[in-house]
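Breakdown of the fold
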Amino acid sequence: PWLPRPFRRRWPLRPAWRPVLRPTLCGLLLAALLLAPCPALAQQDPGRVIAFADSLLEKKVREALGKMDGDITLADVRSLEKLEIPGPGGDAPPEDLIRDLSPLADFTHLQVLVAHGNAISDISPLASCQGLEALELRDNRIEDVSPLARFGNLTMLLLEGNPVSDWSVLADIYPGLGEKDFDPAQPGQGMVIAFGEHRLEKKVREALGKWEGDITL
């Protein structure tokens, strides 16, 4: 039926709770975001405990800190500027050689690291130690040295005795090194030798007793 305009009902009616609901939901979402744990902040917590997979490395770090008991925390390791963890090298028993440097990713205040004569193969954890000025890693098992390619503060880098596959990645930092034992132009270990003359290759294979496969350095 026809009704005058002032008496017409508008449909649907807007629920009375709708104006209140939106700000309430926004507030809840904001609170959830503020209260949610932030992984980045957790990583920077000075009380965060540093886990060691290598018991020998943990022992050496405890000696350097003078802390033989209790948890080693982020605050502890960031107080270290120098760490000397040399190994016996040679044919020493595996338990006498450090292999895993993973915890050193948190040692961001290190300026000097001495770790020659161990069984270290992966140095990627050192990528966060950009303050390093002296690094001694002779006689390990390092093939990939690219994590050191941007260490612009280094003045000493010793890597002799490692099966490095490509030295050229260190060309940019080489001019700033006052003490070093390598040349970025030197061939890497495992590089394949190309022979332009078949007879020479045959003679070399005879001398090596290797008739098939690549001939490498």
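Our structure's up above, just so we're on the same page.
Let us look at the structure shown here. (Residues numbered from 1 in each chain as written. Predicted model: local features only at pLDDT ≥ 70, side-chain atom pairs only at ≥ 80, totals over all residues. Heavy atoms only, no water.)

Moving on, we get to helix H3 (residues 55–65). Residue pairs spaced three or four apart in an α-helix point in one direction, given the helix's 3.6 residues per turn. By the burial criterion, the buried members of H3 are Leu56, Leu57, Val61 and Arg62. Tucked into the core, H3 has its buried residues touching strand E1 (82–84). (Buried < 20%, exposed > 50% of the residue type's maximum accessible area, 1.4 Å probe, protein only. Helix = DSSP H or I, 4+ residues; strand = E, 2+ residues; numbered from the N terminus. Contact = heavy atoms within 4.5 Å.)

Turning our attention to the sheet that holds strand E4 (residues 156–158). What the 5 strands build is an open sheet, ordered E1-E2-E3-E4-E5; its pairing is parallel. With partners counted over all chains shown, the strands left at the sheet margins are E1 and strand E5 (179–180), one partner each. Bridging between strand E2 (residues 112–114) and strand E3 (residues 134–136) involves 3 bridges; their strand directions are parallel. Bridge assignment links Val112 to a residue of E3, and that residue is Ala134. (Pairing = 2+ DSSP bridges.)

For the rest of this paragraph, the subject is the nonpolar core. Counting residues in each nonpolar core, the largest one holds 38 residues, and the members touching the most others are Leu83, Phe107, Leu126, Leu135, Leu157, Leu159 and Leu170. Breaking this core down by element, the ones donating at least two residues are H3 and helix H4 (74–77). (Core = buried A, V, L, I, M, F, W, Y, C linked by side-chain atoms within 4.5 Å.)

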